[in-house]
Amino acid sequence: QREEVHCAQAERAMAANDAGKAARCYAKAGDFVDADVVVKMFADRNEVDALETYLRRRLDLREAEGAPDGDPAARQLAAWLLDLNVSRADAAAGTSVREDEFMAAGSLQHFIHEHGARLDFAHAMKTLVSRGRMDDAAHLCEAFGDWDGAVTHWLAVRQDPAEAAR
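Residues numbered from 1 in each chain as written. Predicted model: local features only at pLDDT ≥ 70, side-chain atom pairs only at ≥ 80, totals over all residues. Heavy atoms only, no water.

Participant: Would you mind showing me how to read a positive patch on the surface here?
Facilitator: Together, Arg12, Lys21, Arg24, Lys28 and Arg57 line one region of the surface with positive charge. With three residues, helix H2 (residues 19–29) is the largest single contributor of residues to the positive patch. Mapping Arg57 onto the fold places it in helix H4 (residues 48–64). Residue classification places Arg57 among the partly exposed residues on the basis of a relative accessible area of 38%. (Patch = residues over 30% accessible without salt bridge, like charges linked within 9 Å, V, L, I, M, F, W, Y side chains within 5 Å. Areas by Shrake-Rupley, 256 points an atom, 1.4 Å probe, with all protein chains shown as cover. Salt bridge = Lys/Arg side-chain N within 4 Å of Asp/Glu carboxyl O. Lys, Arg positive; Asp, Glu negative; His and termini not counted. Charge placed at Lys NZ, Arg CZ, Asp CG, Glu CD. Helix = DSSP H or I, 4+ residues; strand = E, 2+ residues; numbered from the N terminus. Buried < 20%, exposed > 50% of the residue type's maximum accessible area, 1.4 Å probe, protein only.)

Participant: So what exactly am I meant to see when it comes to helix H7 (residues 121–130) here?
Facilitator: Think of an α-helix as turning once every 3.6 residues; residues three or four places apart then point the same way. Along H7, the positions that sit buried rather than exposed are Ala124, Met125, Thr127 and Leu128. An end-on view of H7 places all buried positions within 160° of arc, on one side of the element. In H7, the exposed positions angled more than 90 degrees off the buried face are occupied by Ala122, Lys126 and Ser130. Where H7 is buried, its residues meet helix H5 (72–93), helix H6 (98–115) and helix H8 (134–143). At the exit of H7 stands Gly132, carrying a positive phi of roughly 75°. (Arc of directions from axis to C-beta. Contact = heavy atoms within 4.5 Å.)

Participant: Which parts of the structure should I look at to understand the packing of aromatic side chains?
Facilitator: Each aromatic ring pair is specified by the distance between its two centres and by the angle formed by the two planes. Here the structure, examined in full by the defined rule, presents three aromatic pairs. An angle of 80° between the planes, with centres 6.4 Å apart, marks the rings of Tyr26 and Phe42 as edge-to-face. Taken together, the residues span a long stretch of sequence, with Tyr26 in helix H2 and Phe42 in helix H3 (residues 35–44) at a distance of 16 residues. Taken as a pair, Tyr26 and Phe42 share a single burial class, namely buried. Here the aromatic rings of Phe42 and Tyr54 are separated by 6.3 Å at their centres, their planes lie at 50°, and the arrangement is tilted. Note that Phe42 is positioned in helix H3 and Tyr54 in helix H4, a separation of twelve residues in sequence. Counting every residue linked through ring pairs, the aromatic cluster contains Tyr26, Phe42 and Tyr54. (Phe/Tyr/Trp six-rings, centres within 6.5 Å; stacked < 30°, edge-to-face > 60°.)

Participant: Teacher, can you tell me more about the environment of Gly94 here?
Facilitator: With respect to the helices, strands and loops of the structure, Gly94 is situated in the loop between H5 and H6. Between the C-alpha atom of Gly94 and that of Asp83, which follows or precedes it by eleven residues, the distance is 17 Å.

Participant: What's the story with unusual backbone geometry in this structure? I'm lost.
Facilitator: Backbone phi values are negative for most residues with the exception of glycine, while trans is the configuration of most peptide bonds. Its identity is not glycine, yet Asn17 carries a phi of approximately 60°, on the positive side. Relative to the elements of secondary structure, Asn17 occurs in the loop between helix H1 (2–15) and H2. Asn17 gets classed as exposed once you look at its relative accessible area, which sits at 70%. Not every positive phi belongs to a glycine, and Asn46 is a case in point at roughly 55°. In this structure, Asn46 sits in the loop between H3 and H4.

Participant: Just to check I follow, could you spell out the environment of Arg56 for this structure?
Facilitator: Here Arg56 shows up in helix H4. Discounting residues that sit within four places of it in the chain, Arg56 has contacts with Leu81, Asn85, Ser107, Phe111, Glu114 and His115.

Participant: In this structure, what is going on with the pattern of salt bridges? I would like to understand it.
Facilitator: One side chain can pair with another of opposite charge once the charged atoms of both are near each other. For the structure on display, the rule yields eleven salt bridges. Arg133 serves as the salt-bridge partner of Asp90, at 3.1 Å between the closest nitrogen and oxygen. Here the residue Asp90 occupies a position in helix H5, and Arg133 occupies one in the loop between H7 and H8, the gap between them amounting to 43 residues. The exposure class of Asp90 is partly exposed, given its relative accessible area of 27%. Note on Arg133: relative accessible area 14%, which makes it buried. Here Arg133 ties to Asp136 by a salt bridge, and the two come within 2.7 Å at their closest N and O atoms.

Read these as layout, nothing more, since geometry by itself doesn't imply function.
Here it is in structure tokens:
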């Protein structure tokens, strides 16, 4: 019943054009509302910040509930967040404002280290490599404990991870 209340609050917030509040309420509603529907709704309305809020809160709630590492719902939420963070980093890299690029890249690396274990390694690696985000792929290797992959990358570019993050 609590989930129904959160869902109703989210619907009212969307009707009032308060996507941030709607994202928080939909996240609290948990599995009562299909995540695909909520993600599509925010994406269709180009509410990227609300989408990120929803995905992060849902993932945090799944983790707080003790979802196992292989939890398919948590894996999907993490995959959507990875795509969102990579898109933001790519968009920021295309601007002349270096601070935006630095912030977006840092946010992506933070996400990888914080939630990387929730990702499907092969799919995440393919996403990062196909978009030319090799340093981020090395961070993913670190998050999964693939030290050979990480060290191979850092030696190839002759940087350590701390230097690359600057």
